[in-house]
Amino acid sequence: MATLISASALHQRLETGERTVLLDVRWVLGRTDGHLDYLTAHLPGAVFVDLPTELADHAQPGLGRHPLPTRDHFQDSARRWGINDGDTIVAYDNSGNMAAARVWWMLRNAGVDAVYLLDGGLAAWRANGYGVETGEVSPAVGNVTLGEGRMPVISESEAAQWHRRGVLLDARAGERYRGEVEPIDPRAGHIPGALSAPTTGNFTAEGMFLPVEELRRRFEELGLGTSSNVAVYCGSGVTASHEIAALEIAGYRAALFPGSFSQWSNNDANDVAVGSEPFEGAGGHPSGTSTAAGSSVGA
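Residues numbered from 1 in each chain as written. Predicted model: local features only at pLDDT ≥ 70, side-chain atom pairs only at ≥ 80, totals over all residues. Heavy atoms only, no water.

Describe in detail the pattern of salt bridges, supporting the description with residues and values.
This model, assessed by the stated rule, comprises 14 salt bridges. Between arginine 108 and glutamate 248 there is a salt bridge, with its nearest N and O atoms 2.9 Å apart. Of this pair, arginine 108 sits in helix 5 (residues 100–109) while glutamate 248 sits in helix 10 (residues 240–250), and the two are 140 residues apart along the sequence. With relative accessibility at 21%, the residue glutamate 248 sits in the partly exposed group. A network of salt bridges, in which partner residues are shared, links Arg65, Asp170, Arg172, Arg176, Glu182 and Asp185. (Salt bridge = Lys/Arg side-chain N within 4 Å of Asp/Glu carboxyl O. Helix = DSSP H or I, 4+ residues; strand = E, 2+ residues; numbered from the N terminus. Buried < 20%, exposed > 50% of the residue type's maximum accessible area, 1.4 Å probe, protein only.)

Written out as structure tokens, the structure reads:
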């Protein structure tokens, strides 16, 4: 099934009246202005999705900063967005789809197949000369019934051993993987055995996903083969969804570690590796690390 929809294809759908639910998921770690940006300009008819309250449960050290919400919680949110059974859904943001991919993954996990990411997001829409709207959109409540468990996930204990059975990718920025900076989690570094694969390597400067061949080449260079068991984590399970989308485009099916490094680093029993290699400095609590400004990269 397709993962992306282009701005021109989406515009055509809307022009011909094909029912499409648009979800605006603008959110960046450390900032709270996503809703204000939405009110200033959004795709016509798009509904704002609040990631911290609608796409996550309350933070818990044992589950991470953005635990997945319960099925009932997520279903209530999806109905508030106006989603009905059988609808086509398009999600977007203005940061390369790093936030929007969270709702894409969650809807896929809930059994919704017709959900897409707008390639290039709001910027691509505007670059094509298409109009935007201002203000809030409050649709009629929908009737969608959501399931769960359609996308693969791994647990904390499975993450610890994943390097023995497959490839574990760390989707955060390289400096966080290496343990040079850590803006929010209690320890700096990465899960021992993980490979660094920053989410920002999946898209262009314009926020468009790389072509299929380039994405496939990127992941092949990380050692992935057609039969590889792949799992992904980030800081709290948000941008890892973007990496899973990129992997799907490239022809791989990858599992998500929902609690990601925020869960891992809160458990003192877990070793943390530092440096550029999968096992370098494993077990250490690196000195000399610094705090970086908030960023969505690896949230």
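Run through the pairing of strand 8 (residues 230–233), naming residues and quoting values.
Side chains Val230 and Val232 of strand 8 all project onto a buried face; the interleaved residues Ala231 and Tyr233 project onto the opposite face, where all are buried too. Of the strand pairs in this sheet, strand 8 and strand 9 (residues 254–256) are connected by 3 bridges, and their pairing is parallel. Pairing of valine 230 across the sheet is with alanine 254, part of strand 9. In this fold, the crossover linking strand 8 to strand 9 by way of helix 10 has right-handed handedness. (Pairing = 2+ DSSP bridges. Right-handed = clockwise from strand over helix to strand, strands pointing away.)

Explain the packing of aromatic side chains to me, using residue names and the numbers behind them.
The final tally for this structure, using the stated rule, is 4 aromatic pairs. With a centroid separation of 6.0 Å and an interplanar angle of 70 degrees, the aromatic rings of phenylalanine 74 and tryptophan 81 are classed as edge-to-face. A single burial state applies to phenylalanine 74 and to tryptophan 81, both of which are buried. Between phenylalanine 219 and tyrosine 252, the aromatic rings sit 6.2 Å apart at their centres with planes inclined by 80 degrees, giving edge-to-face as the arrangement. In this pair, phenylalanine 219 sits in helix 9 (residues 212–221) while tyrosine 252 sits in the loop between helix 10 and strand 9, placing the two residues 33 residues apart along the sequence. Judged by relative accessible area, which is 0%, phenylalanine 219 ranks as buried. You can call tyrosine 252 buried: its relative accessible area is 9%. Cation over ring: arginine 172 sits above phenylalanine 261, and NZ or CZ is 4.3 Å from the ring centre. (Phe/Tyr/Trp six-rings, centres within 6.5 Å; stacked < 30°, edge-to-face > 60°. Lys NZ or Arg CZ within 6 Å of the ring centre and 35° of its normal.)

Give me the lowdown on the nonpolar core, citing residues and values where you can.
Soluble globular proteins: nonpolar side chains tend toward being buried together. If you look at the biggest cluster of nonpolar residues, it comprises 57 residues, and the most contacted ones within it are Leu23, Val25 and Trp81. Among residues more than four places away in sequence, those in contact with tryptophan 81 are Val21, Leu23, Val47, Phe48, Val49, Glu54, Leu55, Phe74, Val103 and Pro139. Grouped together as the second largest cluster of nonpolar side chains are 14 residues, Ile154, Leu168, Phe261 and Val272 included. (Core = buried A, V, L, I, M, F, W, Y, C linked by side-chain atoms within 4.5 Å. Contact = heavy atoms within 4.5 Å.)

So what about the environment of alanine 123? Which residues, and what values?
Note on placement: alanine 123 falls in helix 6 (residues 121–127). It is 29 Å that separates the C-alpha atoms of alanine 123 and isoleucine 184, two residues lying 61 residues apart in sequence.

Report on helix 4 (residues 71–80), specifying residues and quantitative values.
Of all the positions in helix 4, only Phe74, Gln75, Ser77 and Ala78 are classed as buried. One face of helix 4 carries all of its buried residues, which in axial projection span an arc of 160 degrees. For helix 4, the elements touching its buried residues are helix 3 (51–54) and helix 5. Of the residues one or two after helix 4, glycine 82 is the one with positive phi, at around 90 degrees. (Arc of directions from axis to C-beta.)

Let's hear about the pairing of strand 6 (residues 167–170): which residues, and what values?
By the alternation rule, side chains of strand 6 split into Val167 and Leu169 and Leu168 and Asp170, which are all buried. Note: strand 6 against strand 8, 4 bridges, orientation parallel. Pairing of valine 167 across the sheet is with valine 230, part of strand 8. Strand direction decides the pairing type here: strand 6 and strand 7 (residues 195–196), joined by 2 bridges, are parallel. Opposite aspartate 170, over in strand 7, you have serine 196 as the bridge partner.

I'd like a description of the side chain of aspartate 93, backed by residues and values.
Along the chain, the position of aspartate 93 falls in the loop between strand 4 (88–92) and helix 5. There is no salt bridge for the buried aspartate 93, and the closest opposite charge comes from arginine 26, which lies 7.6 Å off by N-O distance. Looking at aspartate 93, its side chain comes within polar contact range of the main-chain nitrogen of asparagine 97, at 2.8 Å. Among the polar contacts made by the side chain of aspartate 93, one reaches the main-chain amide nitrogen of methionine 98 at a distance of 3.2 Å. Sequence-distant contacts of aspartate 93, that is, excluding residues within four places in its chain, are made with Val25, Arg26, Met98, Ala99, Ala100, Gly121 and Leu122. (Lys, Arg positive; Asp, Glu negative; His and termini not counted. Polar contact = N/O pair within 3.5 Å; in protein donor to acceptor, adjacent residues only side chain to side chain.)

Give me the lowdown on the packing of helix 9 against helix 10, citing residues and values where you can.
It is at 8 Å that the axes of helix 9 and helix 10 come closest, and there the two elements cross at 110 degrees. Overall, the two elements helix 9 and helix 10 adopt an arrangement that is roughly perpendicular. Contact with helix 9, carried on its side by Val212, Leu215, Arg216, Arg218 and Phe219, involves Glu243, Ala246, Leu247, Ile249 and Ala250 of helix 10 and no other residues of that element. Classifying every residue of the contact of helix 9 with helix 10 gives 7 nonpolar, no polar and 3 charged. (Axes fitted to C-alpha atoms, helices over the stretch in contact; angles between N-to-C directions. Parallel < 35°, antiparallel > 145°, perpendicular 65-115°, else oblique. Nonpolar A, V, L, I, M, F, W, Y, C, P; charged D, E, K, R; others polar.)

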